Amino acid sequence: MANRMWGGRFGGGPGAIMEEINASIDFDKALWRQDIAGSKAHAAMLAKQGIITAKDARTIAGGLDKVAGEIEAGDFKFSRTLEDIHMNVESRLAELIGPAAGRLHTARSRNDQVALDMKLWVRETIDVLDGSLADLQRTLAEKALAEAATVMPGFTHLQSAQPVTFGHHLLAYVEMFGRDRGRFADARQRLNESPLGAAALAGTSFPIDREMTAKALGFDRPTANSLDSVADRDFILEALAAASICAVHLSRLAEEIVLWTSAQFGFVRLSDAFSTGSSIMPQKRNPDAAELVRGKAGRIIGALTAMLVILKGLPMAYGKDMQEDKEGTFDALSSLSLCVAATSGMVRDMRPDAERMKRAAGAGHATATDLADWLVRKLGLPFREAHHITGRIVSLADKKGVSLDALPLAEMRSVEPRISADLFSVLSVERSVESRKSRGGTAPGEVRKQARGWLKRLGKGAPR
């Protein structure tokens, strides 16, 4: 069957393989709300400009509402013969209202139509993601406030470095997700120009009002160049880039949850709601939600890479290659939304083992830097000399098989005779974290201050 929407240029229909590779309705039907919103704004503008009659515009708007109702109810019959969401909607509109439907496509093209639909979809998705990320930040900040004094090991190279607090560790992710929200907001601001009215690539000879449609659809302004309007997919690249960075942050937190819930760490426990079992090992509690968040980062990053490759060799203005922008974008941003929700659930759900964390925080002579700092403060030594002396004391503790705070004072004085018993006041993990009072440090008071500040910024009061 010939696609009658193509007009008189083609006498026969596409072959089966051509129809298979050409049709996009299986995935771009996700744009139906955006497509109908754009069409209603376009019809209203055409009427205001006298390009179509007010009666036709009302008829078109009423018909589009009926189409939306059918899709919403699941009664709409999508046709692969009609290729995409735009032709499917227009064809059904013609069945419902007759010849008036044929006036809707005046002064526009599928090229500016699909660019518009994708911008609307990406913009709406960014708005939803922003709310979800804010909820994740709130969840992390609340947990950080509750665990502001819970001591845990801080790592570099995944080796014990210095004691920190669990609350401080969680606040690091609040900062990361705050930057993610900033990147999405920046991408949203830049995409918020309407391509509608650019038509195929050169604009139109009809006296349209692009400012009217831009305003009706919530854009700041129309785009300035008709070629760029239909060729541009930067807004998708930026959204996917922000999504990829966010997915990396989620994956890093997920990896830590995987480590923390292992028997070897035992720092936190997830409930059955975010764990699964083994088909053969009855004792297993697998952190599958975290592993899936970690894994889905790959497909999100892959979507960005694919989009970059699709666009890199395209000349102006529109090429059918650009149809490949949709599936990866839909999948990546939907996957990110799911990952954010799952991460919020895991953070809310996880219960730390404070005693085990505290024991681990003291392992590996984690307060060695505190010893060096004491030598600088109390004895006036240059830090490099203090660092060298501390290294020798750590070596002694290793040989004795004891922690720094269990090494006898006499042993320490064999390295530096001026060391006094006062040194032991800084060698506990609690004293170590309490001393880190610099802005952004791990001291419990500073953690509480930062957590409350974030909760205030996020619109939620924090308990005192």
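1. Observations concerning the pairing of strand β1 (residues 151–156)
At step 1: Across six bridges, β1 lies against strand β2 (residues 159–165) in antiparallel orientation. Residue pairing for β2: M152 is matched across the bridge by V164.
At step 2: Taken together, β1 and the strand that follows it, β2, pair antiparallel across an intervening segment of two residues, in which H157 is found at a positive phi of about 60 degrees.

2. Quick word on the packing of helix α11 (residues 288–311) against helix α12 (residues 325–349)
At step 1: Put simply, α11 and α12 touch, their axes get as near as 9 Å, and they point 155 degrees apart. Considering their axes alone, α11 and α12 lie roughly antiparallel with respect to each other. Our pair here, α11 against α12, has a crossing hand that is left-handed. Together, A289, A290, V293, K296, R299, I300, A303 and M307 of α11 and D325, G328, D331, A332, S335, L336, L338, C339, A342, T343 and M346 of α12 make up the contact between the two elements.
At step 2: Of the residues contributing to the contact of α11 with α12, the split by class is 12 nonpolar, three polar and four charged.

3. Section: the packing of aromatic side chains
At step 1: What the rule picks out here adds up to six aromatic pairs.
At step 2: On the basis of an interplanar angle of 80 degrees and a centroid distance of 5.2 Å, the ring pair of F265 and F267 is categorised as edge-to-face. In terms of burial, F265 and F267 fall into one category: buried.
At step 3: Lying across the ring of F219, R123 places its NZ or CZ 4.7 Å from the centre.

The rules we used
Counting starts from 1 at the beginning of each chain's written sequence and moves along it residue by residue. The predicted origin of the model limits local features to residues at a pLDDT of at least 70 and limits the giving and counting of side-chain atom pairs to 80 or more, whereas totals for whole chains, interfaces and linings rest on all residues. In computing side-chain values, all of the structure's heavy atoms are included and hydrogens and water are not. For two strands to pair, DSSP has to find at least two bridges joining them. Strands here are runs of E lasting at least two residues and helices are runs of H or I lasting at least four, both read from the DSSP assignment and numbered beginning at the N terminus. Between N-to-C directions, angles span 0 to 180 degrees; the directions come from axes that are lines fitted to C-alpha atoms, helices contributing only their stretch in contact. Note that the term roughly parallel is reserved for angles under 35 degrees, roughly antiparallel for angles over 145, roughly perpendicular for angles of 65 to 115, and oblique for everything else. In this scheme the crossing of two helices becomes right-handed for a clockwise turn of the near helix relative to the far one and left-handed for an anticlockwise turn of less than a right angle. Any pair of residues with heavy atoms lying within 4.5 Å of one another is described as a contacting pair. The classification used treats Ala, Val, Leu, Ile, Met, Phe, Trp, Tyr, Cys and Pro as nonpolar, Asp, Glu, Lys and Arg as charged, and all other residues, Gly among them, as polar. Pairs were defined over the aromatic rings of Phe, Tyr and Trp, the Trp ring being its six-membered one, requiring ring centres within 6.5 Å. Orientation was assigned from the angle between planes: stacked under 30 degrees, edge-to-face over 60, tilted for the rest. The buried label applies to any residue whose accessible area, calculated with a 1.4 Å probe on protein chains only, is under 20% of its type's maximum; exposed applies above 50%, and partly exposed to all values in between. Lysine and arginine charges are scored as sitting over a ring when NZ or CZ, respectively, is within 6 Å of the ring centre and within 35 degrees of the ring normal.

These values are about where atoms sit, not about what they do.
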